[in-house]
Every structure is written in C-alpha cells, then in structure tokens.
Amino acid sequence: MLEERSPELQAFLKAVYAGAEQLAAASREIGGVREIMDGFVGVFPVPEGVRVDPADCDGVPAEWLSPAEAAADRAILYMHGGCYISGSPGVVREFCGRLANASRTRILSIDYRLAPEHPFPAALEDALTCYRWLLEQGHDPTRIAVAGESAGGGLTLALLMQCRDLSLPMPACGVPISPWVDMELSFGESLTRNEGIDLAPVEPLRLGRAAYAGEKHLRNPLASPLYGDLSGLPPLLVQVGTREVLHDEGVEVARLAESAGVDVTLQRWEDMIHVWHWYASIFPEAQEAIEALGEWIAAHLPSSAAAA
C-alpha cells in the first residue's frame, strides 16, 4: 500500500501526478522526449568519492565511474534508457555513481547511437563494441556484469544473446532494470493498467518503437528479447516496480528466462514507478533498490584485486 511507503515517496508522486498532463504533452515528439531526458543532466550530483573519466571504446564514447573502494579487476558495462531515442551517460551519472558505490565496482557507462538517426541494430552494435573493448583491455569476462535500465534493460538481454550466438566469452551476470523487452507493446495489462500512475507515459515508447525498430524488427529478438531464446544466459537479476507500465514485460521475461534454465532473481518492488532508482536523493526506497542491486552484483563478481 502506498500509504505505507515513505512520506518522501508519497510527496514525490503527488508532485509528479500534478504535472502528468504537461509531461505527456511534451513526450509526443522525439525532440520533446530528448529535452526531458537532457534536463536530468546535472540535476542530481555524482556521489562524493566517485571519479568520472571519459573513455573511447573503439569509437564509442563512454565514461568510467570509479568509486574510491572499487575492486580494480571488476567492471559493469552499463546502457542507459530513453526508448532508444534519447538519453546519455550524463542522464544516469548520479544513479550509476550510486550503483558503483553499492557494488564496489567500476562502471563503464556507454553513449550508444540513438534512433531515428541510427536505427536498429546501431545501439546493439555499439554495446557489443564496448564489451569487446573491455575484453581487449584485459578484463576477465567472469568479472564483468552487464546492466541497463528501460531500453538499456532490453539492450542488456540483447547483448547477452548476441554474445552467446557469437560464441564470445559470456559476462558473469546481467541486470535488466525496468526492462523494455517488447517492441510490439502488446504484452501484458500493465501498459494500460498503470498508465497514469507510472511516471513514464506510453507515448515515448511508441516513438522509440517506430524510430528504432520500425515495422520490420518488432519481433526480432535482438530488438524485442521477449521473443528470443534466452537459454544459455548467465545469472540475471530483474528489478521491476508494480506501478510501471512495463511491469508485466519484466515479470514475463524473467519467467521465460527461468523456464529456459537461466538462474533468475526477480525483484518486484511494490508501488515503485519506472526506473525509480533515479530518485535516490529524493526518497529512500530508490536507494534501497540500488543497494539490493549492488549487493547482488558484488556477490556475482569475484575479485582478486585490491581496491583501485
């Protein structure tokens, strides 16, 4: 029950719902979605003690977020969300900094190409380039996690399937957060049930579907992992909030992966909205979810090195 959640969360949701119509109106065009997402850059400060350094992964721009107590031989490859049409490492910098601290692991947050300028499979190609770059830099795949939120959550699963199909060394684990895994936007009742009580409206998803996948790739497993063969993937942690329009997709992809023999941990967070983790400086439930992510990732990434 929402009444049992923190007063900070209740106040946040009240403010969000008061501006829901304006948010929906601004989300009807790609330019508006990008403006909203870019507005997050710099709003939340990077946690103290986390160093941010630019990186070039064979032509794909990225940034390292390195906490003071990070193990030198572990890494998280992170893909931001934004419906494949918006977003950047800057948007998720504060969240990634908190996750880096919680997992005691360096994060490589990548700036993959966006649609419609760069449709499918551009984002996946860039993610694969960055993973290969990590391997070329000498990173042990058994000490690499792959993670992302929303579209980045779908991209996480797509990258894992691509690594399997290309016979690349598999990373230790994958963490799809509030994942978007169905380009058709046809699965589950939460798309309609939670419209209006989630922070994210459905319209940007429709824009992203048209721009990234078009009609040709709606059921391509590397664009819509819900329709893919999930067997042979490493352990997965899927986090979803019960107020998310994408809630049912996240639950279903976790079920399908488990049915395919994958070690899956599904965490359903009651009353949480889409990617609530972004608001850890506003309400405590977000930081609690990040701590749960960090604890799970750290448990799945062995380390033999001292802190960097």
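Since the model is a prediction, treat every value here as computed from it, not as a measurement.

Chemist: Explain the overall build of the protein chain to me, please; I cannot follow it from the model alone.
Modeler: When helices and strands are counted, the protein chain shows ten helices and eight strands. Expected size for 308 residues packed as a compact globule is a radius of gyration near 19 Å; at 18 Å, the protein chain falls within 12% of this value. Projected onto the principal axes, the alpha-carbon positions of the protein chain cover approximately 50 × 45 × 35 Å. Looking at the protein chain residue by residue over its 308 residues, the buried ones come to 58%. Within the protein chain, contacts between residues separated by at least 24 positions form 80% of all contacts whose residues are at least 6 apart in sequence. With an accessible surface of roughly 11,900 Å², the protein chain has 51% of that area assigned to carbon and sulfur atoms. Looking at the protein chain, you have 22 positive and 43 negative side-chain charges, and the mean spots of the two groups are 2 Å apart.

Chemist: Looking at this structure, I do not really get the packing of helix α5 (residues 122-136) against helix α6 (residues 151-165). What am I missing?
Modeler: For any two helices packed against each other, the geometry is given by the interaxial angle and the distance between the axes. Relative to each other, α5 and α6 sit at 65°, their axes nearing to 10 Å. Crossing of α5 over α6 shows right-handed handedness. In this structure, α5 contributes Ala-123, Leu-124, Ala-127, Leu-128 and Tyr-131 to the contact, and α6 contributes Leu-155, Ala-158, Leu-159, Gln-162 and Cys-163.

Chemist: I would appreciate a short explanation of the environment of Glu-21 in the present structure.
Modeler: Relative to the elements of secondary structure, Glu-21 occurs in helix α2 (residues 20-26). Residue Glu-21 is classed as exposed on the basis of its relative accessible area, which comes to 68%.

Chemist: Is there a simple way to think about the sheet that holds strand β7 (residues 236-241) in this case?
Modeler: Hydrogen bonding along the main chain pairs the strands of a sheet, whether they run parallel or antiparallel. Read across the sheet, eight strands follow the order β1-β2-β4-β3-β5-β6-β7-β8 without closing on themselves; strand pairing throughout is mixed. The open sheet has two edge strands, β1 (51-57) and β8 (264-269), and neither has a second partner. Mean inter-strand twist for the sheet, computed between neighbouring axes without regard to direction, equals 20°. Across seven bridges, β1 lies against strand β2 (residues 60-66) in antiparallel orientation. Pairing of Arg-51 across the sheet is with Ser-66, part of β2.

Chemist: For this particular structure, what's the right way to read α6?
Modeler: At 3.6 residues per turn, the α-helix brings residues three or four places apart onto the same side. In this model α6 runs 21 Å from its N-terminal to its C-terminal C-alpha over 15 residues, within 8% of the 21 Å that 1.5 Å per residue would give. In terms of burial, α6 is a largely internal element, 13 of the 15 residues being buried. Backbone geometry just after α6 places Ser-167 at a positive phi near 60°.

Chemist: Even after reading the chapter, I still don't get the packing of aromatic side chains, so can you show me in this structure?
Modeler: Considering all chains together, one arrives at twelve aromatic pairs under this definition. Geometrically, the ring pair formed by Phe-44 and Tyr-279 is edge-to-face, given 6.3 Å between the ring centres and 85° between the ring planes. You can see Phe-44 sitting in the loop between α3 (30-38) and β1 and its partner Tyr-279 sitting in the loop between β8 and α10 (284-300), a full 235 residues away along the chain. Judged by centre distance (6.0 Å) and plane angle (45°), the ring pair of Tyr-84 and Trp-180 falls under tilted. Pair noted here: Tyr-84 is in the loop between β3 (71-79) and α4 (93-103) and Trp-180 is in the loop between β6 (173-177) and α7 (190-193), with a separation of 96 residues, a long-range link. Exposure class is identical for Tyr-84 and Trp-180. Each is buried. Taken together, the ring pairs in this structure connect Phe-12, Phe-40, Phe-44, Trp-278, Tyr-279 and Phe-283 into an aromatic cluster. In this structure, Arg-106 packs its charged tip against the face of Trp-64, placed 3.8 Å from the ring centre. Sitting over the ring of Tyr-227, Arg-219 keeps its end group 4.1 Å from the ring centre.

The rules behind the values
For every chain, the first residue of the written sequence is number 1, and numbering continues from 1 onward in sequence order. Totals for whole chains, interfaces and linings use every residue, but because this is a predicted model, local features are given only for residues with pLDDT of at least 70 and side-chain atom pairs only at 80 or more, for both listing and counting. With hydrogens and water set aside, each side-chain value is computed from the structure's full complement of heavy atoms. Under the DSSP-based scheme used, a helix requires at least four consecutive residues in state H or I and a strand at least two consecutive residues in state E, with every element numbered from the N terminus. Atoms counted for the radius of gyration: C-alpha only. Globule rule: 2.2 Å times the number of residues to the power 0.38. Throughout, exposure labels follow a simple rule: accessible area from a 1.4 Å probe, protein chains only, divided by the maximum for the residue type, with under 20% read as buried, over 50% as exposed, and the rest as partly exposed. Working rule for contacts: check all heavy atoms of both residues, and any pair within 4.5 Å makes them a contact. Surface accessibility in these figures is a Shrake-Rupley result with a 1.4 Å probe; residues are shielded only by whichever protein chains are displayed. Two residue types count as positive, namely Lys and Arg, and two as negative, namely Asp and Glu; His and chain ends fall outside the count. To locate a charge, the coordinates of NZ of Lys, CZ of Arg, CG of Asp or CD of Glu are taken. Between N-to-C directions, angles cover 0 to 180 degrees, with each direction set by a line fitted to C-alpha atoms, over the stretch in contact for helices. Left-handed describes a crossing whose near helix is turned anticlockwise from the far helix through less than a right angle; right-handed describes the clockwise counterpart. Strands are labelled as partners when DSSP assigns at least two bridges between them. Multiplying one less than the number of residues by 1.5 Å gives the expected span of a helix. Stacked, tilted and edge-to-face are the three classes applied to pairs of Phe, Tyr and Trp rings, where Trp contributes its six-membered ring and a pair requires centres within 6.5 Å; stacked means planes under 30 degrees apart, edge-to-face means over 60, and tilted covers the rest. Cation placement over rings: the criterion is NZ of Lys or CZ of Arg within 6 Å of the ring centroid and within 35° of the ring normal.

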